[in-house]
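Structural description and commentary
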Amino acid sequence: MFDRAYHHWLHVLQRIVGIREKTMARNATIITISHGVGLLRGLITGYLVARLLPREMYGQYQFLLAAFGVAGFLNLPGIDTSLRRAVARGEKGVLYRVFQIHILISLIGTAALLIAIAFLNPDQRQTYWLPFVIAAVLFPVSQTSSTLFGALSVGEAKFKLSLIANIVMSALIALGALLILFLKPSALLLFVTVIAVPAVVYLAFSKRIMPPSDPHIPTKPILIYAAQLSFLALPLYFSTYVDKLMISALFGVKQLAVFSVATLIPENIKTWSKEILPISFAVQARGDNSLDRRWRLLLVVGRLTALALIPIALYIAFAPAIFAILFPNYPDAVFLTQVAGFFLITQPGAFLTQYLEAQKMLKALQWTQWLSSVFYLIALVTLLPAFGLIGAIVARGVLRLSSVLLALYFLLRPHPRDIAMT
């Protein structure tokens, strides 16, 4: 009975959304189950942490995560996509050598975290010097392990293995976080747990399926494409964390805690939609860059956007009740989370940007990411000081909406110069 219902669900999904490949629908189911496991982990690392920790300590925890994330933009962030593309094209024998190079590149982020200590004010330095040193030590293994496992699991579409790894990782993080919350609440210990555990799990699972090195596959093209993607993505990557750093600088870590709680559920939903993206990457990377393929993609994105309206409307309507139960000590976050939930309407449009990456439409990708980041930074600098936290959330909406519209423009533009982008 379950098997019949499962295949009926796949058929309905394919018919409504327009997904032609049954494998993609099946993998979407696996990813959704995996994200469900992640949501259980998030109940502890997100909900319970926000509920049980004092606002100031929770704000410190979010500040550490943001600082760690900003250091990541010095770490050749485009290497994730470049390696996944290489593996999807059958070049997995290059993984080990690129992994070694990536470790060396990651030391730049380590150095940046250590140097940043000197730029903290005296009070911050006393609070954060040890967390920054620990973050610097964890940085290389955290960055390279996720890149390696992502290349293997996404590039070869091993989503069942990814699900198992996620279950193991979630169980260990949940156990560690619970022990910390009830035995010795600490922003630093929580930070170390959520950074170190995934690194260890990803390395352990990668070792099991690591292919033998093939010296005949050159690393240079992969690294060059990674550098190109990193250059294109730098402003977008930096934009992911700059608002939290600005909020902590302008309004303090307690207001950062309010902002983090307000965006907690919408960001979890966004994370699920981003986890769905890899199932289509290998498909988008193969085949020609034809107008017919682009129009089919736009049709799928349009249908997904229409479907997204229903859960978004439900979330906005029930957000006051949800927060009254989950976060009664954060009533000032309710309206903020409703606005953040509204901007989830742009998430299906992420498939458009992924198509630009997969098809190596670098000029289009450059204009999309840099212009959307410029619009975002202008909105953030203008709205945050004037309107506070709501300004930061609207600025994030500007980032996502402009990114989708720019990608849409380039995909609808049948121009000969499109060939030069590939």
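So, a few notes on the structure that sits alongside this text.

1. A word on the packing of aromatic side chains
Overall, the coordinates contain 11 aromatic pairs when judged by the stated rule. Geometrically, the ring pair formed by Tyr 409 and Phe 410 is edge-to-face, given 5.1 Å between the ring centres and 70° between the ring planes. Given a relative accessible area of 8%, Phe 410 falls into the buried group. Grouped by ring-pair contacts, the aromatic residues Phe 63, Tyr 128 and Phe 132 constitute a single cluster.

2. Let's talk about the side chain of Ser 206
With respect to the helices, strands and loops of the structure, Ser 206 is situated in helix H8 (residues 187-209). Setting aside residues no more than four positions away along its own chain, Ser 206 makes contact with Leu 148, Phe 149 and Leu 152.

3. A word on the layout of surface pockets
Estimated volume of the second largest pocket: approximately 330 Å³. What lines the second largest pocket is a set of 16 residues, among which Phe 63, Ala 67, Val 70, Ala 116 and Leu 245 lie closest to the centre. Put simply, the parts of the chain that give the lining of the second largest pocket at least two residues each are helix H3 (55-71), helix H5 (95-116), helix H6 (122-155) and helix H9 (220-251). Along the lines of polarity and charge, the residues of the lining of the second largest pocket split into 14 nonpolar, 2 polar and no charged.

4. Observations regarding the environment of Leu 120
With respect to the element layout, Leu 120 can be found in the loop between H5 and H6. A relative accessible area of 10% places Leu 120 in the buried class. Leu 120 has contacts with Arg 125 and Tyr 128, leaving out every residue within four places of it along the chain.

5. Some details on the packing of H3 against H8
At their nearest, the axes of H3 and H8 sit 9 Å apart, and the two run at 40° to each other. In terms of their interaxial angle, H3 and H8 are classed as oblique. Between H3 and H8 the crossing geometry is right-handed. Along its contact with H3, which presents Met 57, Gln 60, Tyr 61, Leu 64, Leu 65 and Phe 68, the element H8 presents Ala 187, Leu 188, Leu 190, Phe 191, Val 194 and Ile 195. Considered class by class, the residues forming the contact of H3 with H8 number 11 nonpolar, 1 polar and no charged.

6. Structural notes on the side chain of Ser 402
Tracing the backbone shows Ser 402 in helix H17 (residues 389-411). Leave out the neighbours within four places in its chain, and Ser 402 touches Ser 372 and Phe 375.

7. Some remarks on H3
The first and last C-alpha atoms of H3 sit 25 Å apart over 17 residues, in line with the 24 Å expected at 1.5 Å per residue. Most of H3 is tucked away, with 13 of its 17 residues classed as buried.

8. A few points about the packing of helix H4 (residues 79-88) against H5
Between H4 and H5, the least distance of the axes is 11 Å, while the angle of their chain directions is 170°. As far as their axial angle goes, H5 and H4 are roughly antiparallel. On H5, the residues that touch Ile 79, Leu 83 and Val 87 of H4 are Leu 95, Val 98 and His 102. By residue class, the composition of the contact of H4 with H5 is 5 nonpolar, 1 polar and no charged.

9. What about empty space enclosed by the protein?
Within the structure shown, the criterion is met by 3 cavities of 30 Å³ or more. Estimates place the volume of the second largest cavity at around 70 Å³. Lining the second largest cavity we find Thr 263, Pro 266, Glu 267, Ala 340, Phe 343, Ile 393, Arg 396, Gly 397 and Arg 400. Secondary-structure elements contributing two or more residues to the lining of the second largest cavity are helix H11 (264-276) and H17. Taken together, the residues that form the lining of the second largest cavity break down as 4 nonpolar, 2 polar and 3 charged.

10. Examining the pattern of salt bridges
Counted by the stated rule, this structure contains 4 salt bridges. Between Asp 332 and Arg 55 there is a salt bridge; the shortest N-O distance is 3.2 Å. Linking Asp 332 in the loop between helix H13 (291-326) and helix H14 (334-342) with Arg 55 in helix H3, this pair joins segments that are 277 residues apart in sequence. For Asp 332, a relative accessible area of 38% puts it in the partly exposed group. Each of Asp 243, Glu 267, Arg 396 and Arg 400 takes part in a single network of salt bridges with overlapping partners.

So, how was this worked out
- Residues numbered from 1 in each chain as written.
- Predicted model: local features only at pLDDT ≥ 70, side-chain atom pairs only at ≥ 80, totals over all residues.
- Heavy atoms only, no water.
- Phe/Tyr/Trp six-rings, centres within 6.5 Å; stacked < 30°, edge-to-face > 60°.
- Buried < 20%, exposed > 50% of the residue type's maximum accessible area, 1.4 Å probe, protein only.
- Helix = DSSP H or I, 4+ residues; strand = E, 2+ residues; numbered from the N terminus.
- Contact = heavy atoms within 4.5 Å.
- 1 Å grid on protein atoms, 1.4 Å probe; cavity = no way out; pocket = protein on both sides within 12 Å on 5 of 7 lines; lining within 4 Å.
- Points joined across faces, edges and corners; volume = space filled by probe spheres on them.
- Nonpolar A, V, L, I, M, F, W, Y, C, P; charged D, E, K, R; others polar.
- Axes fitted to C-alpha atoms, helices over the stretch in contact; angles between N-to-C directions.
- Parallel < 35°, antiparallel > 145°, perpendicular 65-115°, else oblique.
- Left-handed = near helix turned anticlockwise from the far one by under 90°.
- Expected span 1.5 Å × (residues − 1).
- Salt bridge = Lys/Arg side-chain N within 4 Å of Asp/Glu carboxyl O.

Without other data, these values stay purely geometric and don't point to any function.
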